[in-house]
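Architecture and fold: a report
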Amino acid sequence: GDKSASEKLLTDAGWELSGGKRVKDGQALTVRLVAYPHRPGLVIMQPLIADALRDLGITVKTTLTGDDWSETKKIMEERTFDMLMWAQHTLPAGDPAWFLNAFFGSEGGNNHANFASTEVDSLLDQLSVTSDHDERVFLSGRVQSEIHNEVPVSNLVTPLW
């Protein structure tokens, strides 16, 4: 990433660098970065992401949950995370509708970012009733553009299959 651009965004948002830490209104910028061990890549990436955030002056508390999924589930249900690392195949059926609805629809069951956009929801509604291939491709692209503009998540890895 572009560290200087990140530093500028933080400063512009009022997070001043003081003693190596980002502070606003006397409070340090602190995030809880959660990962689970069931996807080994998350375990590898978590400390690298934490270090990059710390290099920006952000205080990072990392949590690597245990093998029992109930711990991760509790953190997600109680929303006691600021950043949740998640591994997901984004195109399991060859059509993006399921993934886009599940992760970016306001009522999506995997919308861990609590992303809410009336525009995205409207486009997803249109996509759900459209059978024409070209129109589905067009609407899928529009949905992805809207999501990209809002940046509710950051895709770190796209594997080649």
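Here the structure is a predicted model, which is why all the values come from computation and not from measurement. (Residues numbered from 1 in each chain as written. Predicted model: local features only at pLDDT ≥ 70, side-chain atom pairs only at ≥ 80, totals over all residues. Heavy atoms only, no water.)

**A short note on the sheet that holds strand 3 (residues 27-28)**
Where strands meet in a sheet, backbone hydrogen bonds hold them as pairs that are either parallel or antiparallel. The line we're drawing: Only strands joined by at least two bridges in the DSSP assignment are considered to pair. Counting from the N terminus, the helices are the DSSP runs of H or I reaching at least four residues and the strands are the DSSP runs of E reaching at least two.
Taken in spatial order, the 3 strands make up an open sheet running 1-2-3, and their pairing is antiparallel. Across the chains shown, the open sheet's two edge strands, defined by having one partner strand only, are strand 1 (16-18) and strand 3. Sheet analysis places strand 2 (residues 21-24) next to strand 3, joined by 2 bridges and oriented antiparallel. Residue pairing in the sheet places Lys 24 in a bridge with Gln 27 of strand 3.

**A short note on the pairing of strand 2**
When strand 1 meets strand 2, the two strands line up antiparallel, connected through 3 bridges. Of the residues in strand 2, the one forming a bridge with Ser 18 is Lys 21. Counting the residues that bridge the hairpin from strand 1 to strand 2 gives 2 residues, and of these Gly 19 lies at a positive phi of roughly 60°. Taking the residues between adjacent antiparallel strands as the criterion, strand 2 and strand 3 are bridged by 2 residues, where Asp 25 takes a positive phi near 50°.

**Focus on unusual backbone geometry**
Applicable threshold: Three exposure classes are used, based on accessible area relative to the maximum for each residue type with a 1.4 Å probe and protein chains only: buried under 20%, partly exposed in between, and exposed over 50%.
Look at Arg 79: it is not a glycine, yet its phi comes out positive at around 55°. Within the element layout of this structure, Arg 79 appears in the loop between helix 3 (69-78) and strand 6 (83-84). For Val 151, which is not a glycine, the phi torsion comes out positive at approximately 50°. Relative to the elements of secondary structure, Val 151 occurs in the segment after helix 6 (133-150). With a relative accessible area of 58%, Val 151 lands in the exposed category.

**Quick look at the nonpolar core**
Put simply, the rule is: In plain words, nonpolar cores are sets of buried Ala, Val, Leu, Ile, Met, Phe, Trp, Tyr and Cys residues tied together by side-chain atoms within 4.5 Å. Note on definitions: a residue-residue contact is assigned when non-hydrogen atoms from the two residues lie within 4.5 Å.
Membership of the largest hydrophobic core comes to 15 residues, with the highest contact counts inside it found for Leu 10, Leu 33, Leu 53, Ile 58, Val 60 and Met 85. Take this core: its biggest share by element is 4 residues, from helix 2 (residues 40-55). Aside from chain neighbours lying at most four places away, what touches Val 60 is Val 31, Leu 33, Ala 50, Leu 53 and Arg 54. Counting 14 residues, the second largest nonpolar core, distinct from the first, contains Ala 97, Leu 100, Phe 103 and Val 120.

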